[in-house]
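# Chains, contacts and geometry: an overview
Chain by chain, the residues:
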Amino acid sequence: MKTDNVISAEERVADTIELLSQSEEKASEKKDIETSIDCCKKIVALAQKAELPQLTLKHYKKLLINYCALESNQQALFYGKKLASLAEELNDVDSLEIAFVRIGGIHWNTSNYKSALPYLNKAVKLQTKIKDPERSCICFRNVAMTYTKLQEYEKASLYFDKAYSSAKKNGSTRLAAEIIYWKGLLESEQNNLKKAIRNFFKSEDLFRKDSDNYGIAITLNTVGSVFRKLKNRKKALHYFKLAKTYAEKSECFRENLQADVYNNIGLIHYDDKHYDKALDNYLLSLEHRRNTGHKDHESITLLNIANIYIKKQEYNTALEYALKSHEIKEKLNNNKKLASSTKVLLKIYLSLGDLQQAKNYVSKLEELSPHIIDNSISLEAFEMISEYYETTGDYKKAHLYLQKHLKLYREISCQDLRQKIVNQEHKYRIDRMRLRNKSKIERERVKTVLAMATTTMHQINQPLMVIQGNAELLLMKHKDFVAKDRKYLEDIIGCIDKVKETLTLLTKVQEIKYKSYLNDDNIIDYTSK
């Protein structure tokens, strides 16, 4: 009887899991992430009780992916670590790699690149067991991208080369295009903007060969951003508009692309102080952004709109958009990004003369200041906090924050200068290596010419001596030669001397130089010093 009850309980668990699995699949098809998460959690609870580790693993994976889609970083991180732990226990290399890549990605999305790197490196190490060139390529690319963000450019370049090699092995034009695109971003990070643009155009060409409208759009959009950085707003706008055309044709991430492009077109009009045109594009960007569910990017667009209304001195409307942006950032629980909306809200309340509300945001900014990673935001924040304290008559604190502003400004200037020095040193090392290689090649070429000249001299000298000796004997024996015949023999001897002289000069060549000859051919200029 007891055995029957046990079997009955197991069957009930199995039936419940099956029903929940069906509900979860339907929710996934409808992109109802919340319902999918709820079903997955229930399945995990039942699977753990029934000691079904593979089923638990499968739904840890789904929970991780769902929370990543919702940008719920804490929850995603929790299930990522659960997945990694169980995958390691079960020796499931595929699931372990997915966990490491996702955990790295979560840290990456919160700009915590140092924390991302160990997980992404672990994913790279697993590639020897997975042996999939495409996945290897993606893992190498992820590590390279992270080193780029950490400004370790030589390591980034090394991993991009590894990624490109894997892409070629895989025969994937799309992956090769992606790697070249990211190498362009690497050059852009180092302010090698001309090189960056060359890489982007190579990337675009490969995306075109692969008929990848998404790749073309994102590349053209980035080219536009580089031209904006170069302060060539006319060209930037041209490439943003081209990107918009391909974004509309893209079969994947269309809404994301359109949101990005409209936002960038808005930035150009903002730079040109055409605030109404900028606002129109930001609103279009917001419309597309809301269809993607990417709340972080939505909050950025809302803040851009708030800044437009600040410029138009419509502070109440600016406040409405800034508060919406701030609310989203608070829900995302990312202190590093919360500072940007806090700064804008402080600016608005100072403009409205609402010092009580301004005080709240000053306190918040002071609390957030250790977490701010964007120096431009820190600069503005210190300046506005100083302005607030000056307005309220606290000149000591106003002076303190103005000093912080000045100190950071000087540090940024020094950092920029140091980065320029690093870039120049890198260029110098590459140029020195190029010159060394060129010198080595030149020495080898000279050795080759000398060997050929010595061989030729050895082989030709003996017959030349016979010819010259015989000609001289004829002159000595036949002194009655008419002048014309004597002249022929003397010319032969003279030409032999010239051949010997030429061979001797060839054996003394120290540098290979060329001069033009008939029919666009080149010959060695052995007479040059």
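Description of the structure in this document. All of these numbers come straight from a predicted model, not from anything done at the bench.

## A look at the nonpolar core
- Counting 76 residues, the largest nonpolar core has Leu63, Phe100, Trp108, Val143, Phe160, Trp182 and Phe200 as its most contacted members.
- Per-element tally for this core: the top contributor is helix H10 (residues 173–189), with nine residues.
- Contacts of Trp182, omitting those with residues within four sequence positions, involve Trp108, Arg141, Met145 and Phe160.
- The next biggest cluster of nonpolar side chains, apart from the first, holds 45 residues, and it includes Leu302, Ala306, Ala322 and Met384.

## Here's the deal with the layout of surface pockets
- The volume enclosed by the second largest pocket comes to roughly 390 Å³.
- Taken together, 17 residues form the lining of the second largest pocket, with Glu187, Gln190, Asn192, Lys195 and Asn199 sitting closest to its centre.
- At the level of elements, helix H9 (153–170), H10, helix H11 (193–209) and helix H21 (395–477) are the ones that each hand at least two residues to the lining of the second largest pocket.
- Of the residues belonging to the lining of the second largest pocket, the class tally is three nonpolar, six polar and eight charged.

## Things to note about the pattern of salt bridges
- Overall, the coordinates contain 24 salt bridges when judged by the stated rule.
- For Glu154, the salt bridge identified is with Arg429, shortest N-O distance 2.3 Å. Of this pair, Glu154 sits in helix H9 while Arg429 sits in helix H21, placing them 275 residues apart in sequence.
- Owing to a relative accessible area of 34%, Arg429 belongs among the partly exposed residues under this scheme.
- Three or more residues joined by partner-sharing salt bridges are found here, namely Glu134, Arg141, Arg174 and Glu178.

## A short note on the packing of helix H15 (residues 275–292) against helix H16 (residues 295–311)
- It is at 9 Å that the axes of H15 and H16 come closest, and there the two elements cross at 160°. Classified by the interaxial angle, the pair formed by H15 and H16 is roughly antiparallel. The element H15 and its partner H16 pack so that their crossing is left-handed. Along the contact surface, H15 presents Tyr275, Ala278, Leu279, Tyr282, Leu283, Ser285, Leu286, Arg289 and Arg290, while H16 presents His297, Glu298, Thr301, Leu302, Asn304, Ile305, Ile308, Tyr309 and Lys311.

## Quick word on the packing of aromatic side chains
- Considering all chains together, one arrives at 18 aromatic pairs under this definition.
- Here Phe100 and Tyr119 contribute two aromatic rings whose centre-to-centre distance is 6.2 Å and whose plane-to-plane angle is 45°, an arrangement assigned as tilted. You can see Phe100 sitting in helix H5 (residues 93–109) and its partner Tyr119 sitting in helix H6 (residues 113–125), a full 19 residues away along the chain. As far as burial versus exposure is concerned, Phe100 and Tyr119 are alike and both buried.
- Among the aromatic residues, those joined into a ring-pair cluster are Tyr60, Tyr67, Phe78 and Tyr79.
- Geometry around Tyr159 places Lys162 over its ring, the cationic atom sitting 4.8 Å from the centre.
- Between the NZ or CZ atom of Lys249 and the centre of the ring of Tyr246, over which it lies, the distance is 4.8 Å.

Scoring rules and cut-offs
- The residue numbers shown here count from 1 along each chain, following its written sequence.
- Residue-level local features of this predicted model are given only where pLDDT is at least 70; pairs of side-chain atoms are given and counted only at 80 or more, and the full residue set underlies all totals for whole chains, interfaces and linings.
- Only heavy atoms go into the side-chain values, all of them from the structure, while hydrogens and water stay out.
- To qualify as a nonpolar core, a set must consist of buried Ala, Val, Leu, Ile, Met, Phe, Trp, Tyr and Cys residues joined through side-chain atoms within 4.5 Å.
- Here's how the labels work: a residue is buried when its accessible area is under 20% of the maximum for its type, exposed when over 50%, partly exposed in between, all with a 1.4 Å probe on protein chains only.
- Each helix corresponds to a stretch of at least 4 residues labelled H or I by DSSP, and each strand to a stretch of at least 2 residues labelled E; elements are numbered beginning at the N terminus.
- Between two residues, a contact is recorded if the distance between any of their heavy atoms is within 4.5 Å.
- Residues are called lining when one of their atoms sits within 4 Å of a cavity or pocket point, these points coming from a 1 Å grid over the protein atoms alone, where a cavity is a set in which a 1.4 Å probe fits but cannot get out and a pocket is an open set with protein on both sides within 12 Å along at least five of seven lines.
- Grid points are joined across faces, edges and corners, and a volume is the space filled by probe spheres set on the points.
- Residue polarity is assigned by list, with Asp, Glu, Lys and Arg as charged and Ala, Val, Leu, Ile, Met, Phe, Trp, Tyr, Cys and Pro as nonpolar; anything else, Gly included, falls into the polar class.
- Salt bridge criterion: a side-chain nitrogen from Lys or Arg within 4 Å of a carboxyl oxygen from Asp or Glu.
- Helix axes use the C-alpha atoms of the stretch in contact, all axes being lines fitted to C-alpha atoms, and the angles between their N-to-C directions lie in the range 0 to 180 degrees.
- Convention used here: angles under 35 degrees read as roughly parallel, angles over 145 as roughly antiparallel, angles from 65 to 115 as roughly perpendicular, and any remaining angle as oblique.
- A crossing counts as left-handed when the near helix is turned anticlockwise from the far one by less than a right angle, and as right-handed when that turn is clockwise.
- Note on ring pairs: Phe, Tyr and Trp rings are taken, using the six-membered ring of Trp, and paired if centres are within 6.5 Å. Classes follow the plane angle, with under 30 degrees stacked, over 60 edge-to-face and the rest tilted.
- When the NZ atom of lysine or the CZ atom of arginine is within 6 Å of a ring's centre and also within 35 degrees of its normal, the charge is said to sit over that ring.

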